[in-house]
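Secondary and tertiary structure notes
The residues making up each chain are set out below.
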Amino acid sequence: MNYHKPEAKSIAKLEDLANILRIHSIKATQASKSGHPTSCASIAEIMSVLFFHTMRYKIKDPRDPNSDRFILSKGHAAPILYAAWAEAGLFSTEDLLNLRKFDSDLEGHPTPRLNFIDVATGSLGQGLSVAAGMAYVGKYYDKASYRTYCLIGDGESMEGSIWEALHFSSNYNLDNLCVIIDVNRLGQSEPTSLQHNMEVYRKRLEAFGFNALVVDGHDVEELVKAFHEAENTKDRPTAIIAKTFKGKNFANIEDKDNWHGKPIGGTSENVIEQLKSLLKNGTTFERTIQKPIEDAPNVNIKNIKLDTPPSYKLGEEVATRLAYGTALAKVAKNNSRVIAFDGDTKNSTFAEKIKAIDPKRFIEGYIAEQNLVGVAIGAVCRDRTVAFVSAFAAFFTRSFDQIRMGAISQTNVNFVGSHCGVSIGEDGPSQMALEDLAMFRSIPGSTVFYPSDAVATERAVELSANTKGICFIRTSRPNTPVIYNNDEVFNVGKAKIVRSSNDDQALLISAGVTLHEAIKAADILAKFGINVRVMDPFTIKPIDQQAIIENSIQTKGRIVTIEDHYPEGGLGEAVLSAISEHPKLILKKLAVKEVPRSGKPDELLNYFGLNGSSIAKQTEDFIKN
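About the thresholds
Residues numbered from 1 in each chain as written. Predicted model: local features only at pLDDT ≥ 70, side-chain atom pairs only at ≥ 80, totals over all residues. Heavy atoms only, no water. Buried < 20%, exposed > 50% of the residue type's maximum accessible area, 1.4 Å probe, protein only. Helix = DSSP H or I, 4+ residues; strand = E, 2+ residues; numbered from the N terminus. Pairing = 2+ DSSP bridges. Right-handed = clockwise from strand over helix to strand, strands pointing away. Axes fitted to C-alpha atoms, helices over the stretch in contact; angles between N-to-C directions. Parallel < 35°, antiparallel > 145°, perpendicular 65-115°, else oblique. Left-handed = near helix turned anticlockwise from the far one by under 90°. Contact = heavy atoms within 4.5 Å. Nonpolar A, V, L, I, M, F, W, Y, C, P; charged D, E, K, R; others polar. 1 Å grid on protein atoms, 1.4 Å probe; cavity = no way out; pocket = protein on both sides within 12 Å on 5 of 7 lines; lining within 4 Å. Points joined across faces, edges and corners; volume = space filled by probe spheres on them.

**Describing the pairing of strand S2 (residues 148–153)**
Burial analysis of S2 places six of its six residues in the buried class, which makes it a mostly covered element. Side-chain alternation along S2 places Thr148, Cys150 and Ile152 on one buried face and Tyr149, Leu151 and Gly153 on a second face that is also buried. One ladder, built from four bridges, connects strand S1 (residues 69–72) with S2; its direction is parallel. By the bridge assignment for S2, Arg69 is matched with Thr148. Of the pairings in the sheet, the one linking S2 to strand S3 (residues 177–183) comprises six bridges and is parallel in character. In the strand pairing of S3, Cys150 is matched with Val179. Between S2 and its parallel partner S3, the chain crosses via helix H6 (residues 160–171), and the hand of that crossover is right-handed.

Here you go:
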């Protein structure tokens, strides 16, 4: 498509809208006595061109699946984003004065409490991964016309996750993605490392496989032309590298240090009058908004089931990580929108099993876990997919910030972490997930599954596919016996009793590999006339508080938790919280209490007192003393 320069009056209106957005940003931050008006000012022309010339979207339905996507990665510039939507007509511009007030959803940084926000931003460096996930779905699954735009700051472009996302976007030829870098030169506390060295930015972006365009970020016509070129560039994404000035058009503030993150104070009225004097058409002219192309398919991601039920034999030895792969393939066969991400561990997590159903629904994220999580969060936006993200559980700690931001974003991503605990053996402590339960339990609204056999694992996958919020499924490396019948019913927050008698002396609670060791311990103790009850919690969050209290009362008030995890934040502390208001119940925690080392799984379980004989001895001592 040939580029046609807009008429002069159209250019003038876009220039006016840029200054109108600046005025709103000043007024809103003055009203709240906080905010980032200078960071808004540097992107005013970019926002004007995007919202009132380039992007296609619906005002009355901001999350319509056909509309273009926009991610403001530099979330501190939220006031100008809110101003753009208000000027587009979504809500009254008067509401902008409620910025950052407790009873207003116009928060200091964007969150999906607002119907025009897809994900929360503000923890810098994350928006581009999310945008890449949206673009991937648009290109390869929806195969639709909508485009994705992501505006990032030059300061946050130092984050490694940005470069992970750039690599991912180029590797998968996301030509429906346009990255805009606001190179305004100034960071929070001092100038950025590259300042206005635009050639370095250009070379770096080109080296990452982007169509890299350096523009004057305050020249509307240059921006219009650059966005046109981005839309017509095929087989690679475009990066528009915009040279801008922080506080643009703010007299005595533009391009000056020490104006980050604060309203402009007493000079605001003079600056607003100056901005008004730049307007050529006043403020009441018509706003032009492009209509989206209606070609995104209808998607149904509700009531996802295993295509076939579990089919194991009692006593059969199956690793729960293998059962995860089997279940993933089954839910993928049942619903065409189930997709899988992995970080180059697919032959260990068994996520690769989805390839037998549809190889296009497996996305290799490579060894870049921060981007892996961010892309998945983007992929599930607007209910387009159901995503399962797998890796060694230990490596999700690297992406904890993305996960916590996912919770603020109201995301529904399912995480599956394999190779948990010392039971992985010889690989040693760097590979052993011993903090993962604590991490995922700390995420608000999360559901944490810890299945103990293949049947329970398949049902955990099915349940997580239909559970809102962030889900985590903890899987183990070793083969363990199947203990449940194939028709066993599992529910979130409901525990299972796997050993019991009428005169049990203690309640043993465990999951995964150590549940099987607890069963061995129960068998050992029974030979000495000591009966104990064994509980499989199935979910660590929510924990089955009622079952724990009822069964512990029936077992003389004695509880022993056994976990292949550090004691902080894991199963033991979840149980301790559940019984905290019952002073007559006593808990003993068995856990990994120091940094482990390489060794055979049995050696390590024995060393940390987590094998059957050790559990039996410690439980016997607990009962007697």
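**Quick look at the packing of helix H5 (residues 127–142) against helix H12 (residues 369–379)**
With their axes 6 Å apart at the nearest point, H5 and H12 run at an angle of 50 degrees to one another. Here H12 runs oblique to H5, going by the angle between their axes. Where H5 crosses over H12, the two elements pack in a sense that is right-handed. Packed against H5, whose contacting residues are Ser129, Val130, Ala132, Gly133, Met134 and Val137, the element H12 presents Asn371, Gly374, Val375, Ile377, Gly378 and Ala379 at the interface. For the contact of H5 with H12, a count of residues per class yields seven nonpolar, five polar and no charged.

**Side note on the sheet that holds strand S7 (residues 338–342)**
Strands pair in a sheet through their backbones, by hydrogen bonds, and they do so in one of two ways: parallel or antiparallel. If you trace the seven strands from one edge of the open sheet to the other, you get S8-S7-S9-S10-S12-S11-S17, paired in mixed fashion. Each having just a single partner strand, strand S8 (362–364) and strand S17 (539–541) make up the two edges of the open sheet. Averaged over all pairs of adjacent strands, the angle between strand axes in this sheet comes to 20 degrees, irrespective of strand direction. Against the sheet, H12 makes contact with S7, strand S9 (386–392) and strand S10 (414–418), and its axis sits at roughly 165 degrees relative to S7, the strand it touches most.

**A short note on empty space enclosed by the protein**
Considering all chains together, one arrives at five cavities of 30 Å³ or more under this definition. As a volume, the largest cavity reaches approximately 170 Å³. Phe70, Ile71, Trp85, Phe116 and Asp118 are, among the 19 residues lining the largest cavity, the residues nearest its centre. Residue assignment for the lining of the largest cavity shows that the elements contributing at least two residues are S1 and helix H4 (78–88). Considering every element that reaches the lining of the largest cavity, the biggest residue donor is S1, with four residues.

Keep in mind that these numbers describe shape and distance, not what the molecule does.
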